[in-house]
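Secondary and tertiary structure notes
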Amino acid sequence: MDRPMRLGIAGLGTVGASLARLIATNKDAYTLRAGRPVETAAVSARDRSKDRGVDLTDIEWFDDPVALAANAEIDLFVELVGGAEGAALDSVKAALNRGLPVVTANKALLAHHGVQLAKLAQRKGTTIFFEAAAAGGIPIIKTMREGLRGNKVSRVYGILNGTCNYMLTRMEREGIAFDDCLKDAQRLGYAEADPTFDIGGFDAAHKLALLTSLAFGCEIDLDSIFIEGIEAVTTEDIEAAADLGYRIKLLAVAQRTESGIEQRVHPTMIPAHSALAQVDGVTNAVAVDTDLLGSILLVGPGAGGNATASAVLSDVLDAARGLSMPTFGVEPAQLAPYKRARMRAHEGGYYIRLSVLDRVGAFASIARRMAENDISLESIVQRKRDGDEARDAAPVILITHETTEAAVRKALDAVSRDGHLKSEPRMVRIEALD
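Let us look at the structure shown here. (Residues numbered from 1 in each chain as written. Predicted model: local features only at pLDDT ≥ 70, side-chain atom pairs only at ≥ 80, totals over all residues. Heavy atoms only, no water.)

Before going further, it helps to spend a moment on the overall build of the protein. A tally of regular secondary structure across the protein gives 14 helices and 18 strands. Expressed as lengths along the three principal axes of its C-alpha atoms, the size of the protein is roughly 80 × 45 × 35 Å. The contacts of the protein with a sequence gap of at least 6 include a subset with a gap of at least 24, amounting to 75%. With an accessible surface of roughly 18800 Å², the protein has 47% of that area assigned to carbon and sulfur atoms. Between the mean site of the 49 positive side-chain charges and the mean site of the 59 negative ones, the protein shows a separation of 2 Å. (Helix = DSSP H or I, 4+ residues; strand = E, 2+ residues; numbered from the N terminus. Contact = heavy atoms within 4.5 Å. Areas by Shrake-Rupley, 256 points an atom, 1.4 Å probe, with all protein chains shown as cover. Lys, Arg positive; Asp, Glu negative; His and termini not counted. Charge placed at Lys NZ, Arg CZ, Asp CG, Glu CD.)

To continue, consider the environment of Ser 154. Within the fold, Ser 154 resides in strand 7 (residues 153-159). Among the residues examined, Ser 154 registers a relative accessible area of 37% and is labelled partly exposed. If we ignore the near neighbours within four places in the chain, the residues touching Ser 154 are Phe 216, Ala 254, Gln 255, Arg 256 and Asp 289. (Buried < 20%, exposed > 50% of the residue type's maximum accessible area, 1.4 Å probe, protein only.)

An α-helical segment advances 3.6 residues per turn. Residues three or four places apart therefore align on the same side. Residues Thr 235, Asp 237, Ile 238, Ala 240 and Ala 241 constitute the buried set of helix 11 (residues 235-243). Tucked inside the fold, the buried residues of helix 11 contact helix 7 (162-174), strand 9 (246-257), strand 10 (260-271), strand 14 (350-357), strand 16 (393-400) and strand 18 (426-430). Remark: Gly 245 follows helix 11 within two positions and exhibits a positive phi of approximately 90°.

This next bit is on the sheet that holds strand 1 (residues 5-10). Strands sit in the order 3-2-1-4-5-6 across an open sheet of six strands; the sheet is parallel. A strand with exactly one partner marks an edge of an open sheet, and here the two such strands are strand 3 (60-62) and strand 6 (128-129). Bridging between strand 4 (residues 76-79) and strand 5 (residues 102-104) involves three bridges; their strand directions are parallel. Following the sheet pairing, Glu 79 is matched in strand 5 by Thr 104. Running over the sheet, helix 4 (residues 86-97) touches strand 4, strand 5 and strand 6 and is turned about 170° from strand 4. (Pairing = 2+ DSSP bridges. Axes fitted to C-alpha atoms, helices over the stretch in contact; angles between N-to-C directions.)

In this section: the nonpolar core. Counting residues in each nonpolar core, the largest one holds 85 residues, and the members touching the most others are Phe 77, Ile 140, Met 144, Met 167, Leu 211 and Ile 230. No other element matches helix 10 (residues 202-216), which puts nine residues into this core. One finds Ile 9, Tyr 30, Leu 76 and Val 316 within the second-largest nonpolar core, a separate group that totals 32 residues. (Core = buried A, V, L, I, M, F, W, Y, C linked by side-chain atoms within 4.5 Å.)

A few words now on the environment of Glu 372. With respect to the helices and strands, Glu 372 occurs in helix 13 (residues 362-372). Relative accessible area serves as the criterion here: at 47%, Glu 372 is assigned to the partly exposed category. Considering only alpha carbons, one finds Glu 372 and Gly 99, 273 residues apart in sequence, at a separation of 61 Å.

Another aspect to go through is the packing of aromatic side chains. Across all of its chains, the model carries two aromatic pairs by this definition. Ring centres 5.4 Å apart and planes at 50° place the aromatic pair Phe 130 and Phe 328 in the tilted group. Of this pair, Phe 130 sits in the loop between strand 6 and helix 6 (140-147) while Phe 328 sits in the loop between helix 12 (305-320) and strand 13 (345-346); the two residues are 198 residues apart in sequence, bridging distant segments of the chain. Of the two residues examined, Phe 130 and Phe 328, each falls in the buried class. Geometrically, the ring pair formed by Tyr 166 and Tyr 190 is tilted, given 4.6 Å between the ring centres and 55° between the ring planes. Of this pair, Tyr 166 sits in helix 7 while Tyr 190 sits in the loop between helix 8 (178-187) and helix 9 (196-199), and the two are 24 residues apart along the sequence. Take Tyr 166: its relative accessible area is 10%, and that puts it in the buried class. Judged by relative accessible area, Tyr 190 falls into the partly exposed class, the value being 37%. The residue whose ring lies beneath Arg 155 is Tyr 157, and the NZ or CZ to ring-centre distance is 4.3 Å. (Phe/Tyr/Trp six-rings, centres within 6.5 Å; stacked < 30°, edge-to-face > 60°. Lys NZ or Arg CZ within 6 Å of the ring centre and 35° of its normal.)

Printed below as a string of structure tokens:
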């Protein structure tokens, strides 16, 4: 173990540069923790002239990450290129084919190809580490893959996207409209120029797909995740939620049911007093419900150079010590086929906002459509705002008891066809949290 662990780092963006810098400046500490020296031997990035805050003069440079993985004299390949296809996929395959362990922060790659890559790793006698691929610096992968191995997990859920959480927090605290809040998030670097991957819920879905496999020992099935982003959330929804004792968060949920596994990402109203509701800004949080420990909650930075580099470093040091285990906790052949749950009753009910035209019979028609679909209403609230007297429609909030999403959507389609609404109805799920 006196021989150094020689790293090949593909991708020198914020995370890759932070990783190389930390390894260069903390050699003694990491040698102690890894049981052997750890050093960067080779790197790959597009721009050799960029100042990354670390001296790379004596480190072998590859323009192509695939060439680095296939040819560099390294013991461990760190993939920080990003993307589900192309160089990221090809370079990881090249490293695994050499029998090298791989450390990656690439959630999209694993969500699309994780099982295939895990099988390749097993055939070559190595493994894939991916702590940084879900919830940034929060050690949720190790917690689920190692710390909770003796537990049966019934549900894993949480706030997995910092951009959405930041925006919803500011919309609530400052009353900022969605579009204005998004522009601020882009200006501050919390949202990309094209924010679709974040605000559309896709980033959270990729992370949830990995947590689902770890939680339930099943194959990854990204296509079975119901995904709804935060684009339609308004300040009116947030204010109504507060009046009802809730806060709105983009929640990612996977749970075991009698008919299979349910996976969903969507805006959710959660009780304002719950621990998860207190998680604001760019912070992430993951909760796991188990049979032996009950519910545990991990909270921390979900993104950023140091937070993600911390997770990558943890994997690097594990690999340097020779730790090896199946990528998703069990051998790939033992991963159960994913079984999608049937549509079921949603335990927390639904929040529905309607803009009801001022005409005779409108409320009676809405109530009739709800009854036709066996939807029981817990409350009906008309939210009057300054100037409503001059409007031709009134904002009405419905809160349902437990029912199915299919029933709610069918009822709302009928209400819309009846012609009593000024605009499209808005629906937000209410999650029952312990």
